[in-house]
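Each chain is listed here by its residues.
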Amino acid sequence: MEQKEKKISKAIIQRLPRYYRYLGELLSTGVDRISSSDFSKLMGVTASQIRQDLNNFGGFGQQGYGYNVKNLYEEIGKILGIDRVHNIIVIGAGNFGKALAGYSDFERRGFRIKALFDKDASKVGKTYSGIEILPMDSIKDYIRDNNIEIAALTVPKDSAIELANELKDTGIKGIWNFAHTDLDVPEDIVVENVHLSESIMRLSYNMKSRSIGR
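Residues numbered from 1 in each chain as written. Predicted model: local features only at pLDDT ≥ 70, side-chain atom pairs only at ≥ 80, totals over all residues. Heavy atoms only, no water.

> Lay out helix H4 (residues 69-80) with the relevant residues and their values.
Across its twelve residues, H4 extends 16 Å between first and last C-alpha, which sits within 8% of the 16 Å expected from 1.5 Å per residue. Contact partners of the buried residues in H4: helix H1 (10-28), strand E1 (33-34), helix H2 (36-43), helix H3 (47-55) and strand E2 (67-68). With a side-chain oxygen positioned 3.2 Å from the backbone nitrogen of Lys-70, the residue opening H4 is Asn-68. Immediately beyond the C-terminal end of H4, within one or two residues, lies Gly-81, with a positive phi of roughly 80°. (Helix = DSSP H or I, 4+ residues; strand = E, 2+ residues; numbered from the N terminus. Expected span 1.5 Å × (residues − 1). Contact = heavy atoms within 4.5 Å. Polar contact = N/O pair within 3.5 Å; in protein donor to acceptor, adjacent residues only side chain to side chain.)

Put into structure tokens, the structure is as follows:
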């Protein structure tokens, strides 16, 4: 079923990967169908919220039956665009870049890390988790020759800004930005910022709030 042409809220988009993950776990345990009520208990989201979220894309449920787990899993995969392979490069072969390259779940989700890049000549030519570390001056040619869609930036702030400028004309469609800075890129390049320090501050706030409420 095709996605309706309408604005989908960020909150819904943020919940979709979680729906997908839980449906995958249900499939792995042999569950064929699930009611919105049971799904809500599993997810910790109200049944009404689940129905509202999914109705943005066509609904998928049947009255008195619930949801076909395999069908819903596949449909959400299509909505998220992970029903096909996305080629990725990681720029920055430090500890964090290597950790991304070694995370096997990406490949199962359709995200294939093709190469690592680093400016440190002592790292170039080495491999990590079967992925070669290449020199920075070969990035543009590599992107063009290997149908790379996404660049993950695991470099310092200043380097990320410079790299974003260099990536503008390469055909890259998305930047997965782990540097603690905002990037100025054309509208046709999608940027997903991952600020780890902000995440841990939210964790700190929630712990503090919970202790105050006791």
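There is more to say, and it comes next.
> Describe in detail the side chain of Ser-36, supporting the description with residues and values.
Structurally, the position occupied by Ser-36 is in helix H2. Side-chain polar atoms of Ser-36 contact the side chain of Arg-51, separated by 2.9 Å. Apart from residues no more than four positions distant in its own chain, Ser-36 is found in contact with Ala-47, Ile-50, Arg-51 and Tyr-67.

> I'd love a proper account of a nonpolar patch on the surface, names of residues and values included.
On the surface, a cluster of nonpolar side chains totalling about 440 Å² of accessible area is made up of Ile-200, Met-201, Leu-203 and Met-207. Structurally, the position occupied by Met-201 is in helix H9 (residues 196-212). (Patch = residues over 30% accessible without salt bridge, like charges linked within 9 Å, V, L, I, M, F, W, Y side chains within 5 Å. Areas by Shrake-Rupley, 256 points an atom, 1.4 Å probe, with all protein chains shown as cover. Salt bridge = Lys/Arg side-chain N within 4 Å of Asp/Glu carboxyl O.)

> I'd like a description of the sheet that holds strand E7 (residues 150-153), backed by residues and values.
Across the sheet, seven strands lie side by side as E5-E6-E4-E3-E7-E8-E9; this open sheet has mixed pairing. Each edge of the open sheet carries a strand with a single partner, namely strand E5 (127-128) and strand E9 (190-193). Examined bridge by bridge, strand E4 (residues 111-118) and strand E6 (residues 131-135) share three bridges and lie parallel to one another. Counted as the bridge partner of Asp-118 is Pro-135 from E6. Strands strand E3 (86-91), E7 and strand E8 (174-177) of the sheet are contacted by helix H8 (residues 157-167), whose axis makes an angle of about 165° with E7. (Pairing = 2+ DSSP bridges. Axes fitted to C-alpha atoms, helices over the stretch in contact; angles between N-to-C directions.)

> Quick rundown of the pairing of E6? Include the residues and the values.
The pairing of E5 with E6 spans two bridges and is antiparallel. In the sheet register, Thr-127 faces E6, and the bridge partner there is Glu-132. Between the end of E5 and the start of E6, which pair antiparallel, lie two residues, with Ser-129 showing a positive phi angle near 55°.

> Explain the packing of H1 against H2 to me, using residue names and the numbers behind them.
For any two helices packed against each other, the geometry is given by the interaxial angle and the distance between the axes. Here H1 crosses H2 at 105°, and the two axes come no closer than 11 Å. With respect to H2, the element H1 is oriented roughly perpendicular. Along its contact with H1, which presents Arg-18, Tyr-19, Tyr-22, Leu-23 and Leu-26, the element H2 presents Phe-39, Leu-42 and Met-43. Residue classes in the contact of H1 with H2 are distributed as seven nonpolar, no polar and one charged. (Parallel < 35°, antiparallel > 145°, perpendicular 65-115°, else oblique. Nonpolar A, V, L, I, M, F, W, Y, C, P; charged D, E, K, R; others polar.)

> I'd like a rundown of the layout of surface pockets, residues and numbers included.
Put simply, the largest pocket is a space of about 2000 Å³. Looking at the largest pocket, it is lined by 42 residues, and the ones nearest its centre are Ile-13, Pro-17, Leu-80, Trp-176 and Glu-192. The biggest single contributor to the lining of the largest pocket is H1, with seven residues. Class assignment for the residues of the lining of the largest pocket results in 21 nonpolar, nine polar and twelve charged. Along its surface, the second largest pocket is lined by 16 residues, and Lys-119, Met-136, Val-155, Pro-156 and Ser-159 are the ones closest to its centre. Elements with a minimum of two residues in the lining of the second largest pocket: E4 and H8. Considering each element in turn, the lining of the second largest pocket owes the most residues, four residues, to H8. Grouping the amino acids of the lining of the second largest pocket by side-chain chemistry returns six nonpolar, four polar and six charged. (1 Å grid on protein atoms, 1.4 Å probe; cavity = no way out; pocket = protein on both sides within 12 Å on 5 of 7 lines; lining within 4 Å. Points joined across faces, edges and corners; volume = space filled by probe spheres on them.)

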